[in-house]
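# Overview (structure and organization)
Letter by letter, the chains look like this.
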Amino acid sequence: IELSEGSGLTWVASLKKKGLRNEVVFMTENPDLQTALQVIRVGAADLIFKPVRLEQILKSISACLEKDSTIRRNDLMREKVDTAKFQDTMIGFSDAVVECFRLIERIAPSQSVVLIEGETGTGKELAARSIHKLSGRSGPFVPLNCVSIPQELFESELFGHTRGAFTGANADREGLFQHAQRGTVFLDEISEMPVAMQAKLLRVLEERCVRPVGSDREIATDARVIAATNRELLGEVNAGRFRQDLFYRLEAVTLRIPTLRERRDDVLLLAEHFIDTFARQTGTPPATLEREHIDKLLAYDWPGNIRELKNMMERFVLFGAFPDDLFNRDAAAPAATRTFPKDWSLEAVERAHILSVLEAVKGNKSEAARRLGVSRKTLERKLHRWEQRQGGFEQRLVS
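Quantities reported herein were computed from a predicted structural model and do not represent experimental measurements.

Criteria and thresholds
Residues numbered from 1 in each chain as written. Predicted model: local features only at pLDDT ≥ 70, side-chain atom pairs only at ≥ 80, totals over all residues. Heavy atoms only, no water. Helix = DSSP H or I, 4+ residues; strand = E, 2+ residues; numbered from the N terminus. Buried < 20%, exposed > 50% of the residue type's maximum accessible area, 1.4 Å probe, protein only. Contact = heavy atoms within 4.5 Å. Areas by Shrake-Rupley, 256 points an atom, 1.4 Å probe, with all protein chains shown as cover. Core = buried A, V, L, I, M, F, W, Y, C linked by side-chain atoms within 4.5 Å. Polar contact = N/O pair within 3.5 Å; in protein donor to acceptor, adjacent residues only side chain to side chain. Expected span 1.5 Å × (residues − 1). Arc of directions from axis to C-beta. Patch = residues over 30% accessible without salt bridge, like charges linked within 9 Å, V, L, I, M, F, W, Y side chains within 5 Å. Salt bridge = Lys/Arg side-chain N within 4 Å of Asp/Glu carboxyl O. Pairing = 2+ DSSP bridges. pLDDT = per-residue confidence, 0-100. Lys, Arg positive; Asp, Glu negative; His and termini not counted.

Along its length, the protein carries 16 helices and 13 strands. Every one of the 399 residues in the protein was classed for burial, and the buried ones make up 47%. Across the protein, the fraction of contacts at a sequence separation of at least 24, relative to all contacts at a separation of at least 6, is 70%. Working note: accessible area of the protein is about 20900 Å², and carbon and sulfur atoms make up 50% of it.

This is the structure in structure tokens:
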């Protein structure tokens, strides 16, 4: 920023006026909001804080290249999104979630068993539904929470039973694998499955057939299996609670869902989405997130992940406030002097500030652009780019 013959900010501004579109990365020792805003206004791609490490520079350059690639890719695949299905998809634009989208698109068309790992409340079932939607399979998505099934009914629930197979079996009954023909069986919290059932599940994965309880014949199954866990399965194997052979069969294709702490860039996007959803459900005007609310949302660690955020936004829509004792952190510094976490991207800082200004002017884009020191066209282009980054993935889910 500080050059021997003037300001780097002025130099970049002159490049932009000449029509040059090269990405520019700044470095600074003073990561305050005013500096970040100056860098944003001249259209720089990133802001790195000193002391600088080589891997930071390489990561920033890679992000510049990926941003250009993403914009081009979304331009090619852009279509109108069916908003009625919006709640059934993962949403976000942070690097961690974009990487999840990329992996989901890669593994969805295959027939492979998938293991989804992640803390409680991160959205593992949404990821499984996304894989199913993008897989092209014609059958249904059939979820089962392994915690909710009594041990003695597990086999019947999964594979079905014949009449008279046990007391109370008054008629033949299809299991979930038969119901999910040409579709997907989602086994949530698979670490809770009884060890005896784990052996039978492994055989189904290997032989592609099931045997209903009480039957002497096997039925072929074309159901794909997606499993999920919030535990470290290898630790469960070492403790003797999970079969090693099933673990190795499941972990061949693994998808890890990031925590909300790892995708803070998405907190405001998700909060706004939940506010709009609950406002429509209750028939009330959407509540407004003020500066103090935003600061608390961005500072909190969200141990309950997206589920906790969703519940909090429901409360916010109903009461217009957060519980006083919810956030065990000091109030954030005023916006003019507030600093940001050093692992935040420049785009995350930019988006947080732009959204706060838009909220302050009640959505008036012309006034927001004036306060930000940019043209309305520039503001709309940035908002459109963020929408597209999410929309490029969504449209393939709903197409």
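Before going further, it helps to spend a moment on the nonpolar core. Within the largest apolar cluster, 32 residues are counted, with the highest numbers of intra-cluster contacts made by Leu158, Phe177, Leu187, Met193 and Leu250. When residues of this core are traced back to their parent elements, those giving at least two are strand E6 (141-145), helix H6 (154-159), helix H7 (176-179), strand E9 (184-188), helix H8 (195-207), strand E12 (224-229), helix H9 (233-238) and helix H10 (244-250). Each residue touching Met193, except ones within four places of it in the same chain, is listed here: Cys146, Phe154, Leu158, Leu187, Gln198 and Leu201.

Examined against the element boundaries, Thr229 turns out to sit in strand E12. A polar atom in the side chain of Thr229 sits 3.0 Å from the backbone nitrogen of Arg231. In this structure Thr229 touches Leu115, Ile116, Glu117, Gly118, Lys124, Glu189, Ile190 and Ser191, once residues within four positions along its chain are discounted.

A separate point is H8. Spanning 13 residues, H8 covers 19 Å between terminal C-alpha atoms, matching the ideal 18 Å at 1.5 Å per step. Considered for burial, the residues of H8 that qualify are Met197, Gln198, Leu201, Leu202, Val204 and Leu205. Seen end-on, H8 carries its buried residues on one side only, within an arc spanning 160 degrees. Phi turns positive one or two residues past the end of H8, at Arg208, with a value near 60 degrees.

Quick look at a nonpolar patch on the surface now. On the surface, Met27, Leu54, Ile57, Leu58, Ile61 and Leu65 cluster together to form a nonpolar patch covering roughly 580 Å² of accessible area. Here the nonpolar patch takes five residues from helix H3 (residues 54-77), the largest share from any one element. Of note, Leu54 is situated in helix H3. On the basis of relative accessibility, which here comes to 59%, the residue Leu54 falls in the exposed class.

Below, the discussion takes up the pairing of E12. Taking burial as the measure, the six residues of E12 include six buried ones, the bulk of the element. Residues of E12 alternate between two faces, with Arg224, Ile226 and Ala228 on one and Val225, Ala227 and Thr229 on the opposite face, all of them buried. Taken together, the four bridges between strand E5 (residues 114-117) and E12 define a ladder with parallel strand orientation. Within E12, the position partnered with Ile116 by the bridge is Ala228. As judged from the four bridges shared by E9 and E12, these two strands associate in the parallel manner. Its bridge partner being in E12, Phe186 is matched across the sheet by Ile226.

This brings us to the environment of Phe316. For Phe316, the position within the fold is in helix H13 (residues 305-319). Counting along the chain gives 28 residues from Phe316 to Thr288, while the straight-line C-alpha distance between them is 9.2 Å. Setting aside chain neighbours within four positions, we find Phe316 in contact with Ile275, Ala287, Thr288, Leu289, His293, Ala321 and Phe322.

Averaged over all residues, the pLDDT of the protein is 81; the fraction at 70 or higher stands at 85%. Element-level mean pLDDT values for the protein span from 70 in helix H16 (residues 376-398) up to 96 in E5. Note that pLDDT drops below 50 for residues 73-87; the model gives that stretch 23 contacts with residues more than four away or on any other chain. Every residue in residues 329-337 scores below 50 in pLDDT, and together they form eleven contacts with partners more than four places removed in sequence or on other chains.

In this fold, Glu308 is placed in helix H13. Notably, Glu308 is buried but unbridged: the nearest opposite-charge side chain belongs to Arg261, and the N-O separation is 7.6 Å. Here the side chain of Glu308 touches Tyr300 through a polar contact of 2.8 Å, side chain to side chain.

Let's shift gears to helix H11 (residues 267-282). Residues spaced three or four apart along an α-helix point in a common direction, a consequence of the helix completing one turn every 3.6 residues. Across its 16 residues, H11 extends 22 Å between first and last C-alpha, which sits within 8% of the 22 Å expected from 1.5 Å per residue. All of the buried residues in H11 are Val267, Leu268, Leu270, Ala271, His273, Phe274, Ile275, Thr277, Phe278 and Ala279. Buried residues belonging to H11 abut helix H12 (291-299), H13 and helix H14 (346-360). Directly after H11, the chain includes Gly283, whose backbone phi takes a positive value near 70 degrees.

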